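Coordinates in review
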Amino acid sequence: MTKETTGEGAMNRAPTADDPVGAQFIAHEFIAPEFVAPHEQRRVRAATVWLDGCSGCHMSFLDLDERLIEIAQSLEMVYTPLIDTKTYPDEVDVALVEGAVSSEEDLEKIHRIRRQTKILVAFGDCAVTGNVPSMRNAFPVQDVYRRGYVETATLNPGTPDQVVPRLLPQVRPIHEYVPVDVYLQGCPPPADVIYDLLTDLVAGRTPDLTAHTRFGR
Ligand code: SF4
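Note that the structure is predicted; figures quoted are calculated from it, not measured.

Each value, and the rule that gives it
Each chain carries its own residue numbering, running from 1 in the written order of its sequence. It should be noted that, the model being predicted, local features are given only for residues of pLDDT at least 70 and side-chain atom pairs only at 80 or more, the latter also being counted only at that level, while totals for whole chains, interfaces and linings use all residues. Helix and strand definitions here come from DSSP, where helices need a minimum of 4 consecutive H or I residues and strands a minimum of 2 consecutive E residues; each element is numbered from the N-terminal end. Burial in this document is a count-based property: other C-beta atoms within 10 Å of a residue's C-beta are tallied, and the residue is buried at 20 or more, exposed at 12 or fewer, or partly exposed in between, with C-beta positions derived from the backbone. Two residues form a contact once the distance between their C-beta atoms, set from the backbone, is within 7 Å. The criterion for a residue being near a molecule or strand is simple: its C-beta atom, placed using the backbone, must lie within 6 Å of it. Put simply, Ala, Val, Leu, Ile, Met, Phe, Trp, Tyr, Cys and Pro go in the nonpolar bin, Asp, Glu, Lys and Arg in the charged bin, and everything else, Gly too, in the polar bin. The criterion for strand pairing is that DSSP finds at least two bridges linking the strands in question. Every axis in this analysis is a line fitted to C-alpha atoms, fitted for helices over the stretch in contact. Angles between the N-to-C directions lie between 0 and 180 degrees. Any helix carries an expected span of 1.5 Å times its number of residues minus one. Note on definitions: a nonpolar core is a set of buried residues drawn from Ala, Val, Leu, Ile, Met, Phe, Trp, Tyr and Cys, linked by C-beta atoms within 7 Å.

A separate point is the overall build of the protein chain. A tally of regular secondary structure across the protein chain gives 9 helices and 7 strands. Taken across its 217 residues, the protein chain has 38% of its residues classed as buried. Look at the contacts in the protein chain between residues 6 or more apart in sequence, and 80% of them connect residues 24 or more apart.

See below:
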């Protein structure tokens, strides 16, 4: 991870009321030249991750359709729910992380991803703002458990104490825990914008996503 991706400046560019698009940019210094040069031999090591989200952002990724084949010339998918890799690998170049941080497992994952990834993309509104998963923040977490596992249960009511990751008291966007390099808004982000992002990163260009997507779009 570069100094820039961990710096205060990177974190402080999250979307705000005055700056709703936030840091939909990536400075060239974030991009390791050894993997972005078009003539580079090895492909970019890419990952997609699913935290507390609905999978809609991943569905939008799949909406790239035949462009997935084109992108596969430049990207090597080393970790994603769409393949069967169990462990997040070392030295990932780009990770698109869908969903908010909602459980102890999410928290462990996002720190691991940050440590082992050069460019971390907050992928979709849940990752950028908390969005839908954060609707539970208005309620104490014990009430959330009771509603989900007792009041609405039709079989064996009771809060699970194993297998299901423990919920954190609040759902928070990714940048509140680790520095984010690119904010890709949208619920979900359109496939065309995902394509622009990936092709720009692979080519070493700074993505300019502000004209193409916004919160909720
Ligand atoms: Fe689903 Fe929208 Fe959240 Fe993506 S941003 S995970 S589409 S709710």
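We are not done yet, so read on.
Further remarks concern the site of the ligand. Among the 13 residues in the neighbourhood of the ligand, the closest are listed as Gly-53, Gly-56, Gly-124, Cys-126 and Cys-187. Residue classes in the shell around the ligand are distributed as 6 nonpolar, 5 polar and 2 charged.

Looking now at the sheet that holds strand E7 (residues 182-184). Ordered in space as E2-E1-E3-E5-E7, the 5 strands form an open sheet in which the pairing is parallel. Bordering the open sheet on either side are strand E2 (75-79) and E7, each of which pairs with just one other strand. Here the strands of the sheet are splayed against their neighbours by 25 degrees on average, with no regard to which way each runs. Of the strand pairs in this sheet, strand E1 (residues 44-50) and strand E3 (residues 92-98) are connected by 5 bridges, and their pairing is parallel. When the sheet's bridge partners are listed, Ala-47 is paired in E3 with Ala-95. Where helix H6 (residues 104-115) meets the sheet, it contacts E1, E3 and strand E5 (117-123), and its direction lies at approximately 135 degrees from that of E5.

Across its 13 residues, helix H9 (residues 191-203) extends 18 Å between first and last C-alpha, which sits within 8% of the 18 Å expected from 1.5 Å per residue. Restricting attention to buried positions, one finds in H9 the residues Val-193, Ile-194, Asp-196, Leu-197, Leu-198, Leu-201 and Val-202. Downstream of H9 by a residue or two, Gly-204 has a phi angle that is positive, lying close to 80 degrees.

Once that is clear, we can look at the nonpolar core. One finds Ala-95, Val-97, Val-121, Ala-122 and Leu-184 to be the most contacted residues of the largest nonpolar core, which totals 40 residues. If one sorts the elements of this core by residue count, H9 sits on top with 6 residues. Once residues lying within four places of it in the same chain are set aside, the contact partners of Val-121 are Val-94, Ala-95, Leu-96, Val-97, Asp-181, Val-182 and Leu-184.

Okay, the environment of Val-144 next. One can find Val-144 in helix H8 (residues 141-151). Residue Val-144 is classed as partly exposed on the basis of its C-beta count, with 17 C-beta atoms lying within 10 Å. Distance from Val-144 to Leu-167, taken between C-alpha atoms, is 9.4 Å for residues 23 residues apart in sequence. When near neighbours in sequence (up to four residues on either side) are disregarded, Val-144 contacts Arg-136, Phe-139 and Leu-167.

That bond from Cys-187 to Pro-188 is cis: its omega, -5 degrees, falls within 30 degrees of zero. Tracing the sequence through the fold places Pro-188 in the loop between E7 and H9. Here the phi dihedral of Val-163 falls at roughly 70 degrees; this positive angle occurs in a residue that is not glycine. Within the secondary structure, Val-163 sits in the loop between H8 and strand E6 (167-172).

Bringing the pairing of E1 into the picture now. Summarising burial for E1: 6 of the 7 residues are buried, a large majority. Sheet topology places E1 next to E2; 4 bridges connect them, and they run parallel. Following the sheet pairing, Arg-45 is matched in E2 by Glu-76.

Here we come to the environment of Ala-203. Tracing the backbone through its elements, the reader meets Ala-203 in helix H9. The class for Ala-203 is exposed, based on 12 C-beta atoms found within 10 Å. C-alpha separation for the pair Ala-203 and Ser-74, spaced 129 residues apart in sequence, amounts to 9.4 Å.

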